[in-house]
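# Inside the fold
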Amino acid sequence: MNIRTLFVFCALFCAVHLSAQTDKSWVGTWAASAEFTGPSDMPARPLTNRSLREIVKVSIGGECLTLRLSNEFSKQPVEIKSVFIADALDSCDIVKKSAQYLTFGGRRNVTIPAGECVVSDVCKYSLKPLQRLSVTISYGSTPENATSHRGSRTTSYIIDGVAKPKTSFAVSERVDHWYSIAAIDVPASGQECIAILGNSITDGRGSTTNLQNRWPDVMSEALGKAGFTCGVLNLGIGGNCVLAGGLSEPAVKRFDRDILGQKGVTKLILFEGVNDIGGANGRSERVAHDLVEAYKQFIQKAHERGIKVYVATITPFGKSFYDGGNLFKEACRQTVNQWMRTSSEVDGVIDFDALMRDPDAPNQLRQSLQEDWLHPNANGYKTMGEFAAKEIVK
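Residues numbered from 1 in each chain as written. Predicted model: local features only at pLDDT ≥ 70, side-chain atom pairs only at ≥ 80, totals over all residues. Heavy atoms only, no water.

### Overview of helix α4 (residues 251–260)
We apply this condition: The buried label goes to any residue with under 20% of its type's maximum accessible area, the exposed label to any with over 50%, and the partly exposed label to all in between, with areas taken from a 1.4 Å probe on protein chains only. Where helices and strands are cited, they refer to DSSP runs of H or I of at least four residues and of E of at least two residues respectively, numbered from the N terminus. Throughout, a contact is declared for two residues whenever any of their heavy atoms are within 4.5 Å.
Taken together, the buried positions of α4 are occupied by Ala-251, Arg-254, Phe-255, Asp-258, Ile-259 and Leu-260. Taken together, the buried residues of α4 touch β16 (192–198), β17 (230–236), β18 (267–271) and α6 (284–304).

Laid out in structure tokens, this is it:
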């Protein structure tokens, strides 16, 4: 096959997928939960008339992709002058010759109304599994509060003016947040997709900034090594609760958007609840009951979509700021975990509690795996990710 024939084939391949973007024909390779952005998480100066370079690590590859941009938590529209993607190098550098501009309805510029999101046209791009991809957005006018994902654990770079592929970001404002980007999808081609609903432990609190070593990242790499081609979508939010309170919308409110709204999801991991239990002062019995009922609702909704559901037991938090010697909170955690281990409604159990707890102090994490007695450290995340991969494929 010569180069011209190959180009025509790829163009036709992408065109076919463009005309049939259904949940079955596309699958997620990367995603992040959108959140309202308060003043403390905004750049030092507004994004208006500036350019932002963000780095993500995808899970699976493809010959085409689409990018979803979100303005769902902003009260004003966001004007985007251009977006281009490129293979990422170290820090803010990119492989310039790999840069491809995205279009939206055939145009490079797009305005996203308040409370909405947009999906790019299909872009022909050789996306490799587990690669780091840069997304460079040049903004016009922007909302007072952007829509973002606060816990990126990855540095983003901001410069003044409109960026082009050869523009340097070496001298830039640097922030550890993602703005606007929400999901990247590729043609399904028989590939599966795992979505993970979680809090800061899934979001990677205690992992290493820019090393992409959260437990879902480790799981994605382990699945690849095992020959299991599968998208992994990290929908964790730091400080998030299942029922109410916490940071950002609770899981009962964001589940339909963050999980059911993703492309091609075939499996779901539920690993959330520790913040509800940790804040259950005087309400532990009620919280245990309500958590189980919420999980049941999630499971039912997922099963109605043909999605298998794995529940992950809640890890210990003894000696953390949630502890305080409150035996009722620990009883709540044990009650919820026992339901997970014995429920006939789930398709599998990932027993992070048994994996991570200290055998001599079961209400605490192992010393060697913990960061602050609530969150694992990098070694803990590695342990969790490798274990989760084995549980998924067995």
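Right, picking up where we left off after that structure.
### Structural notes on the confidence of the model for the protein
Detailed reading of predicted coordinates is not advised where the pLDDT is low. Defined as follows: Every residue carries a pLDDT, the predictor's confidence in it, which falls somewhere between 0 and 100.
When pLDDT is averaged across the protein, the result is 94; 94% of the residues are at 70 or more. Predicted confidence is poor over residues 1–22, with pLDDT under 50, and the contacts of this stretch with residues over four places away or in other chains come to 20 contacts.

### Some thoughts on empty space enclosed by the protein
How we decide: Points on a 1 Å grid over protein atoms alone make up a cavity when a 1.4 Å probe fits among them but cannot get out, and a pocket when they form an open set with protein on both sides within 12 Å along at least five of seven lines; lining residues each have an atom within 4 Å of a point. Grid points are joined across faces, edges and corners, and a volume is the space filled by probe spheres set on the points. Only Asp, Glu, Lys and Arg are considered charged in this grouping, and only Ala, Val, Leu, Ile, Met, Phe, Trp, Tyr, Cys and Pro are considered nonpolar; every other residue, Gly among them, is considered polar.
The final tally for this structure, using the stated rule, is 2 cavities of 30 Å³ or more. Of the pockets and cavities examined, the largest cavity occupies roughly 200 Å³. Trp-30, Lys-57, Arg-214, Asp-217 and Asn-234 are the residues nearest the centre of the largest cavity, which is lined by 19 residues in total. Elements with a contribution of two residues or more to the lining of the largest cavity: β1 (26–31), α3 (215–225) and β17. Of the residues belonging to the lining of the largest cavity, the class tally is 9 nonpolar, 6 polar and 4 charged. Taken as a whole, the second largest cavity holds about 50 Å³ of empty space.

### Topic: the environment of Cys-332
Relative to the elements of secondary structure, Cys-332 occurs in helix α7 (residues 327–342). Under the relative-accessibility criterion, Cys-332 is labelled buried at 2%. Those residues within four positions of Cys-332 in sequence are excluded, and the remaining contacts are Ile-277, Ser-284, Val-287 and Ala-288.

### Brief notes about the environment of Cys-117
As for its placement among the helices and strands, Cys-117 is situated in strand β8 (residues 117–119). By relative accessible area, which is 34% here, Cys-117 ends up partly exposed. Dropping the residues within four chain positions of it, Cys-117 is found in contact with Arg-68, Leu-69, Ser-70, Asn-71, Glu-72 and Ile-112.

### Side note on the sheet that holds β17
As a reminder of what qualifies: Paired strands are those between which DSSP finds at least two bridges. Geometry is summarised by axes, namely lines fitted to C-alpha atoms with helices restricted to the contacting stretch, and by angles between N-to-C directions that run from 0 to 180 degrees.
Strand order across the open sheet formed by 5 strands is β17-β16-β18-β19-β20, with parallel pairing between neighbours. Pairing within the sheet leaves two strands with one partner each, and these edge strands are β17 and β20 (348–350). Between one strand axis and the next, the sheet turns by 20° as a mean value, whatever way the strands run. Looking at chain direction, β16 and β18 are connected through 5 bridges and run parallel. Paired with Leu-197 across the bridge in β18 is Leu-270. Sitting on the sheet, α6 touches β16, β18 and β19 (308–312), and the angle it makes with β18 is about 170°. Across the sheet, helix α9 (residues 378–393) touches β16, β18, β19 and β20, and the angle it forms with β20 is around 165°.

### Focus on the packing of α6 against α7
Our working definition: Reported orientations rely on four angle classes, namely roughly parallel under 35 degrees, roughly antiparallel over 145, roughly perpendicular from 65 to 115, and oblique for the rest. Working rule for handedness: look at the near helix, and if it is turned counterclockwise from the far one by less than a right angle, call the crossing left-handed; if clockwise, right-handed.
Taken N-terminus to C-terminus, the directions of α6 and α7 make an angle of 25°; their axes are 9 Å apart at the nearest point. Relative to α7, the element α6 is oriented roughly parallel. By crossing handedness, the relation of α6 to α7 is classed as right-handed. For the pair α6 and α7, contact is made by Ser-284, Val-287, Ala-288, Leu-291, Val-292, Tyr-295, Lys-296 and Ile-299 and by Phe-328, Lys-329, Cys-332, Thr-335, Val-336, Trp-339 and Met-340, respectively. Classifying every residue of the contact of α6 with α7 by side-chain character gives 11 nonpolar, 2 polar and 2 charged.

### Considering the side chain of Thr-136
Which entries qualify depends on this criterion: Under the rule applied, a polar contact is a pair of N or O atoms within 3.5 Å (in protein, one hydrogen donor and one hydrogen acceptor; residues adjacent in sequence only if both atoms are side-chain atoms).
Assignment of secondary structure puts Thr-136 in strand β10 (residues 132–139). For Thr-136, the side chain forms a polar contact with the side chain of Arg-53, separated by 2.9 Å. If near-sequence neighbours (up to four positions away) are discounted, Thr-136 is found in contact with Leu-52, Arg-53, Ser-82, Val-83, Phe-84, Ala-163 and Phe-169.

### Focus on the environment of Asp-121
Take Asp-121: it is sitting in the loop between β8 and β9 (123–127). Counting along the chain gives 237 residues from Asp-121 to Asp-358, while the straight-line C-alpha distance between them is 50 Å. Ignoring sequence-local partners within four residues, the contact set of Asp-121 consists of Leu-65, Thr-66, Thr-103, Phe-104, Gly-105 and Gly-106. Among the polar contacts listed, one links the side chain of Asp-121 to the side chain of Thr-103, at a separation of 2.6 Å. A polar contact of 3.0 Å, which involves the side chain of Asp-121, links it to the backbone nitrogen of Gly-105.

### Quick word on the sheet that holds strand β14 (residues 178–179)
Spatially, 3 strands are ordered β2-β11-β14 in an open sheet, and the strand pairing comes out antiparallel. Of all the strands in the sheet, the pair left with one neighbour each is β2 (35–36) and β14. Where strand β11 (residues 147–149) lies against β14, 2 bridges are found, and the strand directions are antiparallel. Its bridge partner being in β14, His-149 is matched across the sheet by Trp-178.

### What about α6?
This is how the line gets drawn: Between the first and last residue of a helix there are one fewer steps than residues, each counted as 1.5 Å, and that sum is the expected span. As used here, the arc is the angular range of directions from the helix axis to the C-beta atoms.
Taking 1.5 Å of rise per residue, the 21 residues of α6 would be expected to cover 30 Å, and the 30 Å separating its terminal C-alpha atoms lies within 8% of that figure. All buried positions along α6 are accounted for by Ser-284, Val-287, Ala-288, Leu-291, Val-292, Ala-294, Tyr-295, Phe-298, Ile-299 and Ala-302. An end-on view of α6 places all buried positions within 165° of arc, on one side of the element. Of the residues in α6, the exposed ones pointing more than 90 degrees away from the buried face are Glu-285, Arg-286 and Glu-304. Lining the buried residues of α6 we find β16, α4, β18, α5 (274–278), β19 and α7. Where α6 terminates, the next one or two residues include Gly-306, which has phi positive at roughly 75°.

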